[in-house]
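Structural overview for review
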Amino acid sequence: MSEIYSEIIGTGSYLPEKIVTNEDLSKVVDTSDEWIFTRTGIKERRVADDGEYTSDLSARAISDALKNANVSVDDVDLLIVATITPDLVFPATACIVQKKLGLKNAVVFDIQAACSGFVYGLTVADAMIKSGQYKTAVVVGAETLSRITDWTDRTTCVLFGDGAGAAVLRATSKKTGILSYSIKSDGNYVDILKATGGPSMTKTSGNIYMEGKEVFKLAVARMPEISKEVVAKAGYTMADVDCFIPHQANVRIIDAALKNLDIPEEKVVKSIQSHGNISSACIPLALNIATKNGQLKKGDKVLLTAMGAGFTWGSVFLEF
Ligand code: UT7
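In this text the structure is predicted, and so the values were computed from the model without any measurement.

**Focus: the sheet that holds strand β5 (residues 107-111)**
Strand order in this open sheet of 5 strands is β1-β7-β6-β4-β5, and the pairing throughout is mixed. Looking along the sheet, the strands with just one partner apiece sit at the ends: β1 (5-14) and β5. Averaged over all neighbouring strand pairs, the angle between strand axes comes to 20 degrees, with direction disregarded. Where helix α4 (residues 93-101) meets the sheet, it contacts β4 (78-82) and β5, and its direction lies at approximately 140 degrees from that of β5. Lying on the sheet, helix α5 (residues 117-130) is in contact with β1, β4, β5, β6 (136-144) and β7 (162-172); it crosses β6 at an angle near 165 degrees.

In structure tokens form, the structure reads like this:
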């Protein structure tokens, strides 16, 4: 039997309308545009409307991705929602999205791997497609982090935002799409980045706790390490990477990774400036932005790398 591969046939995204700039935040907490931009690369972030939840953001991003992939809702047989801000404790946000979009032929579930959620989701979808039982999968990363942000804590409130990004994957017998991946976890770090509140619909706030410097150091070390691992695993070298899409948590982490990996600036996608850290949504959002602005083309070799709370981290190397 010939091997089955999973290729991305469409991407989509959604950002809430409300923009909160660094200038706006400097009126609420003791911060400045200069500090936020130079330390993180962020200029503005989006905040979901009252009554707009992770399932709504997911549904919008998925609809956009299905349209771009020219796939109907009835063809989707698998939906994975990656989120740390589910609408409710249960049922899964994926079930709420299923109802909203009428995905009647899909099996749906959530995964929780923080900022690595989309990368984890791709690997799970790939394994399920490779089993031969699923043909058309959607993976969405979606967050309403504004609901669990402490808007009085300048060390965290300037970093996060709301949004969603999605990708449609299809089974193919051609050797393309996902070529290799690696995902890892280390529970020894549970206490340096965590949230005690939520879910999104209960409007509990003030719950994100982060030891920024420790997280920064881990990200700078682990992201290049796992990136090298997946590119080598697929039989390629770093010079073969056409497009690098790292998690968008801090532009200084991205720049350190570029230096370590010897990837030139023109090959990286940096979208953090206009949306901040949206955890699981960052990579699919950046993927969609790069597709739309022409930075990413069909056939390009793409490296996706994320790291987040847990700690979880992972990389996917694919032919687009
Ligand atoms: O998505 C999951 C992964 N998350 C990440 O990867 C985030 C990783 N961490 C980071 O990106 C960075 O550590 C931060 C952006 C969170 C912080 O940057 P930093 O360069 O590590 O700054 P710091 O925490 O060492 O703070 C430096 C100074 C401190 O003042 P003192 O002690 O030097 O007087 C802070 O109190 O900056 C102060 N500070 C601020 N000043 C103005 C902290 N936050 C702010 C702020 N505005 N918003």
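**Observations concerning the side chain of Thr-85**
With respect to the secondary-structure elements, Thr-85 resides in the loop between β4 and α4. Residues in contact with Thr-85, not counting those within four places in the same chain, are Thr-54, Ala-142, Glu-143, Thr-144, Leu-145, Ile-148 and Ser-200.

**Description of the sheet that holds strand β11 (residues 243-246)**
The strand order across the open sheet built from 4 strands is β8-β13-β12-β11, with neighbouring strands paired in mixed fashion. The open sheet terminates on both sides in strands that have one partner only, identified here as β8 (177-185) and β11. Shown here is a sheet whose adjacent strand axes are inclined to one another by a mean of 10 degrees, direction ignored. Across 8 bridges, β8 lies against strand β13 (residues 312-319) in antiparallel orientation. Each bridged residue has a counterpart across the sheet, and for Ser-182 the counterpart in β13 is Ser-315.

**Description of the packing of aromatic side chains**
Here a ring pair, both rings aromatic, is described through the centre-centre distance and the interplanar angle of the planes. Applying the stated criterion across every chain yields a total of 2 aromatic pairs. Taking the ring centre of Phe-37 as reference, the NZ or CZ of Lys-43 above it sits at 4.7 Å.

**So, the pattern of salt bridges**
Applying the stated rule across the entire model yields 13 salt bridges. Put simply, Asp-30 and Arg-154 hold a salt bridge, and the shortest N to O gap is 3.7 Å. Note that Asp-30 is positioned in the loop between α1 (22-25) and α2 (33-40) and Arg-154 in helix α6 (residues 154-157), a separation of 124 residues in sequence. According to the relative accessible area criterion, Asp-30 is exposed, its value standing at 62%. Residue classification places Arg-154 among the partly exposed residues on the basis of a relative accessible area of 45%. One continuous salt-bridge network, built from bridges that share partners, spans Asp-255, Glu-265 and Lys-270.

**Examining the pairing of β5**
Strand direction decides the pairing type here: β4 and β5, joined by 5 bridges, are parallel. Within β5, the position partnered with Ala-82 by the bridge is Ile-111. As a crossover connection, the stretch from β4 through α4 into β5 is right-handed.

**A short note on the packing of helix α7 (residues 212-233) against helix α8 (residues 251-261)**
For the pair α7 and α8, interaxial distance at closest approach is 9 Å and the crossing angle is 40 degrees. One element, α7, and the other, α8, form an angle in the oblique class. Remark: the crossing between α7 and α8 carries right-handed chirality. Side by side, α7 and α8 meet where Phe-216, Ala-219, Val-220, Met-223, Pro-224, Ser-227 and Lys-228 of the first sit next to Arg-252, Ile-253, Ala-256, Ala-257, Asn-260 and Leu-261 of the second. Residue classes in the contact of α7 with α8 are distributed as 9 nonpolar, 2 polar and 2 charged.

**As for the site of the ligand**
Taken together, 22 residues surround the ligand, and among them Thr-31, Arg-39, Lys-213, Asn-250 and Asn-277 come closest. A distance of 2.6 Å separates a nitrogen atom of the ligand from a polar atom in the side chain of Thr-31. Side-chain polar atom of Asn-277 to an oxygen atom of the ligand: 2.6 Å apart, as the coordinates give it. For the ligand, whose unbound accessible area comes to 960 Å², protein coverage reaches 74%. More than half of the atoms belonging to the ligand lie within 2 Å of the grid points that define the largest pocket. Sorting the residues of the shell around the ligand by element identifies α2, α6, α7 and α8 as the ones contributing at least two each. Here the shell around the ligand is composed, by residue class, of 10 nonpolar, 7 polar and 5 charged.

Rules used in this analysis
- Every chain is numbered independently, its residues counted from 1 as its sequence is written.
- Predicted model: local features are reported for residues with pLDDT of at least 70 only, side-chain atom pairs are reported and counted for 80 or more only, and whole-chain, interface and lining totals are derived from all residues.
- No hydrogens and no water enter the side-chain calculation; it runs on all heavy atoms of the structure.
- At least two bridges found by DSSP between two strands is the condition for calling them paired.
- Only DSSP runs of H or I covering at least 4 residues are called helices, and only runs of E covering at least 2 are called strands; the numbering of each starts at the N terminus.
- Simply put, an axis is a line fit to the C-alpha atoms, just over the touching stretch for a helix, and the angle between two N-to-C directions goes from 0 to 180 degrees.
- We call two residues in contact when some of their heavy atoms are within 4.5 Å.
- Pairing of aromatic side chains requires ring centres within 6.5 Å, counting the rings of Phe and Tyr and the six-membered ring of Trp. Pairs whose planes differ by under 30 degrees are stacked, by over 60 edge-to-face, and all others tilted.
- Our definition puts a charge over a ring when NZ of Lys or CZ of Arg is within 6 Å of the ring centre and also within 35 degrees of the ring normal.
- Counted as salt bridges are all cases of a side-chain nitrogen of Lys or Arg within 4 Å of a carboxyl oxygen of Asp or Glu.
- When accessible area is computed with a 1.4 Å probe and restricted to protein chains, residues below 20% of their type maximum are described as buried, those above 50% as exposed, and intermediate ones as partly exposed.
- Looking down the strands as they point away from the viewer, one classifies a crossover as right-handed if the path from the first strand across the helix to the second runs clockwise.
- Oblique is the label for every angle not falling under 35 degrees (roughly parallel), over 145 degrees (roughly antiparallel), or within 65 to 115 degrees (roughly perpendicular).
- Working rule for handedness: look at the near helix, and if it is turned counterclockwise from the far one by less than a right angle, call the crossing left-handed; if clockwise, right-handed.
- Residue classes follow a fixed rule: Ala, Val, Leu, Ile, Met, Phe, Trp, Tyr, Cys and Pro count as nonpolar, while Asp, Glu, Lys and Arg count as charged, and any other residue, Gly among them, counts as polar.
- We call a residue near a molecule or strand when any one of its heavy atoms sits within 4 Å of it.
- In protein, a polar contact requires one atom able to donate a hydrogen and another able to accept it; more generally it is a pair of N or O atoms within 3.5 Å, and residues adjacent in sequence count only if both atoms are side-chain atoms.
- Surface accessibility follows the Shrake-Rupley procedure with a 1.4 Å probe radius. Residue values consider only the protein chains on display as shielding.
- Lining residues are defined by having an atom within 4 Å of a point belonging to a cavity or pocket. Those points lie on a 1 Å grid over the protein atoms alone, cavities being sets where a 1.4 Å probe fits but cannot get out and pockets being open sets with protein on both sides within 12 Å along at least five of seven lines.
- Pocket or cavity membership: a molecule qualifies when more than half of its atoms sit within 2 Å of the grid points of that site.

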